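Coordinate inspection notes
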Amino acid sequence: MPFLELDNVSIGFGPESDRVDILKDVNLSVSENEFVAVIGFSGSGKSTLVSLLAGLEPPTSGTVSMGGKAVTRAGPERGVMFQSYSLLPWLTVFGNIEMAVKSVFREYSRTEAKAHVERYIEMVHLTPARDKKPHELSGGMRQRVSLARTLAMQPEVLLLDEPLSALDALTRAVLQDEILQIWEQEKRTVVLITNDVDEAILMADRIIPLTMGPAATLAEPFPVTLARPRDRRALNDSIEYQHLKTDITTYLLDLNREARSLRSKTIFQMPDIAPRTFKLPPVKLGGNRKPASRAS
Amino acid sequence: MRITSILFTAAIISGLAHAEKLAVEKDELKLGFIKLTDCAPIVIAKEKGFFDDEGLSVEVIAQSNWKVLLDNVITGNIDGAHMLSGQPIAATIGIGTKAEVVTPFTMDMNGNGVTVSNSVWEQMQENDPDLDSDKPTHPISSASLKPIVDDMLAEGKKLQLGMVFPVSTHNYQLRYWLAASEIHPGFYSESDVAGRTDAEVELSVTPPPQMPATLEAGTISGYCVGEPWNQQAIAKGIGVPVTTSYDIWKNNPEKVFGVTRKFADENPLTLLALTKALIRAGKWLDETDSSGKLTNREEACRILSQPNYVGADYDIIKNSMTGTFMFQKTDVRDMPDFNVFFKYDCTYPWYSDGVWFLTQMRRWGQISEAKPASWYAEIAKKVYLPGVYMKAAKMLVEEGELTAAELPKTEDGYKPATKDFIDGNEYDGKKPIEYLNSFKIGIKDEGALSGK
Amino acid sequence: MVPQIQFPTLTADLIMKYKILKAIDISGLNFLSPVVRLIAQEDPRKQLHEIGRFIIVPIVAFAAFLFLWSALAPKHRTKAGEVPTPGVVWDASKGVWLFHKRETAKADAYLMNSAERRKTLQQATTRLARLDALEAEANRQISDIKAASKEKFDAYVAPSKTAYDAKRAEFRTAKINRENSLKEKAALLATQGTDARIAYLARIRENAVTTEQEKEQLKLLKTTYTEAQTKTFPEVKKAQQAITKLAEERQFLSKYSEMLGAGSRESKTTESESLLAESKNKFLTATDGDFYRLGNTVVKSEDLLATTETSHYAKPWTLPKQIVRSLLCVFTGFLVASAIAIPIGILCGLSPTFMAAMTPFIALFKPVSPLVWLPIIMIIVGGFMPEPENHWLVKALDHVPILKNYKVDPMFLSSALTVALCSLWATLVNTALGVASIEKDHLNVAKVLRLGFTARLFKIVIPTALPLIFAGLRISLAVGWMVLVAAEILSTSQGIGKFVNDMYTNGSSESFAQMFVVVFIVGIIGMFLDRIMIIFQRLVSFDTAGSAI
């Protein structure tokens, strides 16, 4: 039974007459406690997808729903971990998490809140840096804080928006392991947005490629059936892993090629118009564009 | 009148317990002054403890100019102040800020000087070779200035002179001095508040402390101001004092102590106490020894030279305050009456003084319409409070601070007619219209005389 | 398997060093950090180099400035006075302080108890007695010096005077001779023809030209003569200063002794008490007479005693007190400015529509000079307070602990409001900018956490804008401090500005030096205010790149 669902969702910007679609006809359903990874090139609308899921932006058409109810606004039941950490720089590690805890669990007493916050700081191994400000921390530590803050809200769905893409490879590996470990302990519905195929295979139950924008949409998913818990060193030798990686990579590269050819076509399709007056011509330029077809 | 009745009550109370202090309505007062040596009575009354003796705790605050001072008195920021004689009158009849201001005490007589720049002095000397000496004969009239004014007029320019305030004694004295030699200083009118209509010289307002600097800068070629600013000019070589207000009108009234009518009505005993202290201060300032030497003036100069009072150098203040006046480096004269603080019944608020200022305001057009003689007397009686003065003086006599001989002897508050002017014109306070009409230059009120 | 994050182990010394360095960094006194590092023996060569650059160089520059000042000042003089040298300015500052000390002593004397009073009076009398001898000596000295300098002066003036007198006499005779000869020739003209007459005209012209030339020559000599007369001798000046100093001390001591004696509050109270006792006695023992009158006298005496017991010496305002009042005034204005500018700035930052509404006001009022605002504000404040002493605000402020000693009056409020009006713009604009520059991610966090408007404002918006708000406040305070002195000069509100105006108005030989004293005081206080604001700014700025200086 789908827990988190996107039903024919489109989102675009600009006026009605001249809309540029970012995402078009996106359908997604995630079951409870499933770990889904959405993979795509940068600029394909991944962050917009997260915004839609989180309820930060309403779709232009279609519906976003969770647990059968339509999502109309953002809320702590869908915790978001942002790519840029989004920590409040004037608060300490403790303060950042505390603010989230206090706004979500208003009924907590002071001591309860403190214990709660400290539990999550401990969970991401940041207890020694408890009173440091974000600018005193490394990128990896900051993202740990962000993770702790998101987890501390105890969301039903965890939306991870390229959380590790700004980190160096080693830190990234460490954090991947940590996130996985925590997920194993506290099962949650997770949507991970990433551009790293290895990461997706390592972590997800299902990998869904996002086609190139504009008017991007979700392609057919690749299920990952590798046994859990997964060990990154063992995975490298796994045949299934290698196949999956090759398939996804090839698919993505094809997408890229197609997109490029589309783009070059667009250039040749420039309409040959010269204005007779200074009034804007009633021509719908957007209408000439061909929507990217779904590759099979 | 309300004030008299209150004074009457005060008289009863004070009459019975003359050795005791007056039960003043307000014992913490703020008095304003301008940094000129003739603020001395206020400063002395404070420093010598005369205010304290009356049970008054007085803060003495310097004001930056006459306008600010008057505004502060009117708005109640300060309770009373050292004022130009013309100010209470002008305020009462509505020249400038309109407000009823009254005075029970004239602070001093004389004390102003006319200073011209070095180059004007040289030209005056050329015009009148008698002036070109180390000690020329006095008084110096403006006759030798006349050719300079005429030459400038021929070139289409006007000689620029400075004075301190439109209704200041300085303005009237300077005008009197100029007009005495037929130099027209210009009329005021409703549309010409600068007073330059028909003017042959232009008079402008400059704050006293800025006079020497303005003269040095050449913005003005001469000025009429109180001390120490004439002595500053000669000491620093910026200009030459040519005459004093004493020469223009012997023993002319100069500053008064002014309060609002509201203050006088609400605090009659306080006003009485203030007047007592000020009379004592005046007397102290004019104390002489058997040889006629002013005994307390040096101490007064020391006190005045404190930075919170006049603040000028002791030597400069001393020049004029101790009975001498320096006209040139080579010409230091004895002028025992340059500053009079008590002698000649100086401190009594004479109605005739008030009338004189009114005649001058009319003469130069500050009072725009003709008024009957009765009006002059009426205004003088509104502004001057000799009743308060006499009450205070009599109390002082009882306390032994004054002798009965020191009380002014007058029936009606008018001084006898006098010809002690530079042009020898006669002034009788009871005949203002005749006086107005006796001037060659100035507005004349023929109609008012015949009509009423 | 999870790696623990390793933090370097710190010794107590190191912690101390870092704490000091952090404090230095926050206070913006970075020039001190090489000293601390040097003491901690951290790369001494580098630290010495830094000390040289950041401490020695400024000191040398300031010393050079003082040197240039003392060398150049005496060369520049006008008739109105001379530019004071650093030494003279230092003396003037001591004079200002002495005046303050003496007035404070008088105020203290007024309130002393009898034992203390007697002791102090004893000292004052002793000193007064010693002054007699000192003054006599000084007077003797100055008469000697004056006699000596009189001779020198006469000798100095004599040549120019003789030259002038001789030339004047010579020219006068020459002129009379020329005129006489012309008149003689004129007598002959009656019989002579046109040529001779025209030639005669030329002679008259020639005479006029010569007379004019002589006049010019004479004028030059006169100038030299007059200038010679202004000659002063430093020894006379010095002797006079010494006498002035003694005379001023005598003036002070005699007033001081009076205030320690009969003029003290205690003596006055005793006097009032005896008066009261006397009148009470009269009232109680009188057998007949006007009891109404006698009773009245008793009541009046009681009132008098009550006022005497709580009376104070009306101490004149001295510079230290004026400085404090100026500071109070600037902070009042600053608080008003902040209270207006920050909320409006936040609204501007949050709502572009509101910003659009405010833009014309900001553009229009920002450039207006304090000298224009002040009279307008004075009229407005005066309108609200027709009777300042009875106005509720003035009365209320009379009960505020610190303010009551500094007499808040309409002038104070006008000056403070002028400061506010002139300084609020920097804060307003900066606040708006700070709020507008809030990161979208932070707003997203707020959305996810479902923060309400107030929570969002106080937890996200204001903290984000704080560094910029404080940068604005810092500019505002600096502007306010500059504006205040001007406002006080114009409004004659007690404070530094009033001091400047008074000293300028005094026109004494010390006036210019006193102005220089004010320059340094205003500068130093301004610097301190700025430092304080820097510390605040650093404390609220969350990134390391807090602005320097």
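Every value quoted in this text rests on a predicted model; they were computed, and no experiment measured them.

1. Some remarks on the overall build of chain A
Scanning chain A from terminus to terminus reveals eight helices and 10 strands. The 296 residues of chain A split such that 50% are buried. In chain A, 70% of the contacts between residues at least 6 apart in sequence involve partners at least 24 apart. Carbon and sulfur atoms make up 54% of the accessible area of chain A, which totals about 14700 Å².

2. Some thoughts on the interface of chain C and chain A
How big an interface is tends to be reported as the loss of accessible area on association of its parts. Listed as interface residues are 23 residues of chain C and, on the opposing side, 35 residues of chain A. Across the interface of chain C and chain A, roughly 2500 Å² is buried in total on both sides, 68% from carbon and sulfur atoms. A salt bridge links A:Glu77 to C:Arg450, with the shortest nitrogen-to-oxygen separation between them at 3.4 Å. At the boundary of chain C and chain A, one finds four residue pairs in polar contact (both at pLDDT 80 or more). Looking at the side of chain C that touches chain A, the elements with two or more residues in it are α15 (440-448) and α16 (453-491) of chain C. By residue number, the principal contributor to the side of chain C that touches chain A is α15(C), which donates seven residues. Considered class by class, the residues forming the side of chain C that touches chain A number 12 nonpolar, five polar and six charged.

3. Details of the sheet that holds strand β3 (residues 80-84) of chain B
All names here are of chain B. Reading across from one edge, β2-β1-β3-β10-β4 is the order of the five strands in this open sheet, with mixed pairing throughout. Of all the strands in the sheet, the pair left with one neighbour each is β2 (57-62) and β4 (101-106). Between one strand axis and the next, the sheet turns by 30° as a mean value, whatever way the strands run. Of the pairings in the sheet, the one linking strand β1 (residues 28-33) to β3 comprises two bridges and is parallel in character. When the sheet's bridge partners are listed, Leu31 is paired in β3 with Gly80. Along the sheet, helix α2 (residues 40-47) makes contact with β1, β2, β3, β4 and β10 (255-260), crossing β2 at roughly 140°.

4. Remarks on a nonpolar patch on the surface
Residue and element names in this part refer to chain C. The grouping of Val372, Ile376, Ile380 and Phe384 at the surface amounts to a nonpolar patch, some 390 Å² of accessible area in total. With respect to the secondary-structure elements, Val372 resides in helix α12 (residues 370-384). Since its relative accessible area comes to 45%, Val372 is described here as partly exposed.

5. Points about the environment of C:Ser272
Residue and element names in this part refer to chain C. By secondary structure assignment, the location of Ser272 is in helix α8 (residues 265-285). For Ser272 and Asp303, which are 31 residues apart along the polypeptide, the C-alpha to C-alpha distance reads 9.7 Å. Leave out the neighbours within four places in its chain, and Ser272 touches Leu305 and Thr308.

6. Some words on the pairing of strand β1 (residues 2-13) of chain A
Residues and elements named next belong to chain A. The pairing of β1 with strand β2 (residues 20-31) spans eight bridges and is classified as antiparallel. By the bridge assignment, Pro2 is partnered in β2 with Ser31. Hairpin connection of β1 to β2: six residues between the antiparallel strands, including Gly14 at a positive phi of 95°. Here β1 runs beside strand β4 (residues 61-66); their pairing, made up of five bridges, is antiparallel. Bridge pairing in β4 links Ser10 to Ser61.

7. Observations concerning the packing of helix α5 (residues 114-189) of chain C against helix α7 (residues 234-260) of chain C
All names here are of chain C. Interaxial distance between α5 and α7 falls to 8 Å at its minimum, and their mutual angle equals 160°. Here α5 is positioned roughly antiparallel relative to α7, judged by the angle of their axes. Here α5 runs over α7; the crossing is left-handed.

8. Looking at unusual backbone geometry
Cis geometry marks the peptide bond from B:His138 to B:Pro139; its omega dihedral reads -5°. Looking at the element boundaries, B:Pro139 is found in the loop between α6 (118-127) and α7 (146-154). Residue B:Pro228 follows B:Glu227 across a cis peptide bond; omega there is 5°. The residue B:Pro228 is located in the loop between β8 (222-226) and α10 (229-236) in this model. Unlike most non-glycine residues, A:Gln154 shows phi in positive territory, near 50°. Relative to the helices and strands, A:Gln154 is located in the loop between α4 (139-152) and β7 (157-161). A positive phi angle, close to 40°, is found at A:Glu162, a residue other than glycine.

9. Re the domain arrangement of chain C
When its domains are assigned, chain C resolves into domain 1 (12-74), domain 2 (114-247) and domain 3 (319-540). Each of domain 2 of chain C and domain 3 of chain C has a C-alpha centre, and these two points are 55 Å apart.

10. Thoughts on the side chain of B:Glu54
Residues and elements named next belong to chain B. Along the chain, the position of Glu54 falls in the loop between α3 (50-53) and β2. Judged by relative accessible area, which is 3%, Glu54 ranks as buried. A polar side-chain atom of Glu54 sits 3.3 Å from a polar atom in the side chain of Lys276.

11. Quick look at the confidence of the model for chain A
The pLDDT averaged across chain A works out to 83; a share of 88% of its residues lies at or above 70. Confidence drops under pLDDT 50 across residues 283-296 of chain A; counting only partners more than four residues distant or on other chains, this segment forms 14 contacts.

12. Re the interface of chain B and chain C
At the interface, 56 residues of chain B touch 55 residues of chain C. Interface of chain B and chain C: buried area, both sides summed, is about 4700 Å²; carbon and sulfur atoms make up 46% of it. Scanning the region where chain B abuts chain C turns up four salt bridges. Where C:Lys222 meets B:Asp132, a salt bridge forms, and the shortest distance between an N and an O atom there is 4.0 Å. Going through the elements one at a time, α1 (2-16), α2, β2, α4 (66-75), α6, α10 and α14 (297-304) of chain B are the ones with two or more residues in the side of chain B that touches chain C. In terms of residues, the side of chain B that touches chain C owes the most to one element, β2(B), which gives five residues. Grouping the amino acids of the side of chain B that touches chain C by side-chain chemistry returns 17 nonpolar, 16 polar and 23 charged.

13. Quick word on α2(B)
All names here are of chain B. Counting buried residues in α2 gives eight out of eight residues, a clear majority hidden from the surface. All buried positions along α2 are accounted for by Ala40, Pro41, Ile42, Val43, Ile44, Ala45, Lys46 and Glu47. Remark: Gly49 follows α2 within two positions and exhibits a positive phi of approximately 80°.

14. Some thoughts on the confidence of the model for chain C
All names here are of chain C. Across chain C, pLDDT averages 85, with 96% of residues at or above 70. Long-range and interchain partners of residues 544-549, a stretch whose pLDDT sits below 50, account for 10 contacts in this model, where long-range means more than four residues apart. Our summary of model confidence lists the complex with pTM equal to 0.80 and ipTM equal to 0.78.

15. Examining the pairing of strand β9 (residues 206-209) of chain A
All names here are of chain A. By the alternation rule, side chains of β9 split into Arg206 and Ile208 and Ile207 and Pro209, which are all buried. For strand β3 (residues 35-39) and β9, the ladder comprises four bridges, and the chain directions are parallel. Counted as the bridge partner of Val38 is Ile208 from β9. In terms of strand pairing, β9 meets strand β10 (residues 222-223) through two bridges, oriented antiparallel.

16. Overview of the sheet that holds strand β6 (residues 159-163) of chain B
Adjacent strands of a sheet pair through backbone hydrogen bonds, lying either parallel or antiparallel. Residues and elements named next belong to chain B. Strand order in this open sheet of five strands is β7-β6-β8-β5-β9, and the pairing throughout is mixed. Each having just a single partner strand, β7 (201-205) and β9 (239-244) make up the two edges of the open sheet. Put simply, the sheet's adjacent strands are angled 25° from each other on average, direction ignored. Bridge analysis of β6 against β7 gives five bridges, and the strand direction is parallel.

17. Some details on the pattern of salt bridges
Summed over all chains, the structure comprises 62 salt bridges over all chains. Between B:Lys255 and B:Glu254 there is a salt bridge whose closest N-O contact spans 2.9 Å. The two residues B:Lys255 and B:Glu254 agree in class, both being buried. With a closest N to O distance of 2.6 Å, B:Lys430 and B:Asp412 form a salt bridge. Taken as a pair, B:Lys430 in the loop between α18 (386-399) and α19 (432-437) and B:Asp412 in the loop between α18 and α19 lie far apart in primary sequence, 18 residues in all. Judged by its relative accessible area of 31%, B:Asp412 is partly exposed. Overlapping salt bridges bring together B:Asp132, C:Lys161, C:Asp165, C:Arg168 and C:Lys222 as one network.

Conventions we followed
Residues numbered from 1 in each chain as written. Chains lettered and ligands numbered in written order. Predicted model: local features only at pLDDT ≥ 70, side-chain atom pairs only at ≥ 80, totals over all residues. Heavy atoms only, no water. Helix = DSSP H or I, 4+ residues; strand = E, 2+ residues; numbered from the N terminus. Buried < 20%, exposed > 50% of the residue type's maximum accessible area, 1.4 Å probe, protein only. Contact = heavy atoms within 4.5 Å. Areas by Shrake-Rupley, 256 points an atom, 1.4 Å probe, with all protein chains shown as cover. Buried area = accessible area lost by both parts, 1.4 Å probe. Salt bridge = Lys/Arg side-chain N within 4 Å of Asp/Glu carboxyl O. Polar contact = N/O pair within 3.5 Å; in protein donor to acceptor, adjacent residues only side chain to side chain. Nonpolar A, V, L, I, M, F, W, Y, C, P; charged D, E, K, R; others polar. Pairing = 2+ DSSP bridges. Axes fitted to C-alpha atoms, helices over the stretch in contact; angles between N-to-C directions. Patch = residues over 30% accessible without salt bridge, like charges linked within 9 Å, V, L, I, M, F, W, Y side chains within 5 Å. Parallel < 35°, antiparallel > 145°, perpendicular 65-115°, else oblique. Left-handed = near helix turned anticlockwise from the far one by under 90°. Domains from an automatic or database assignment. pLDDT = per-residue confidence, 0-100.

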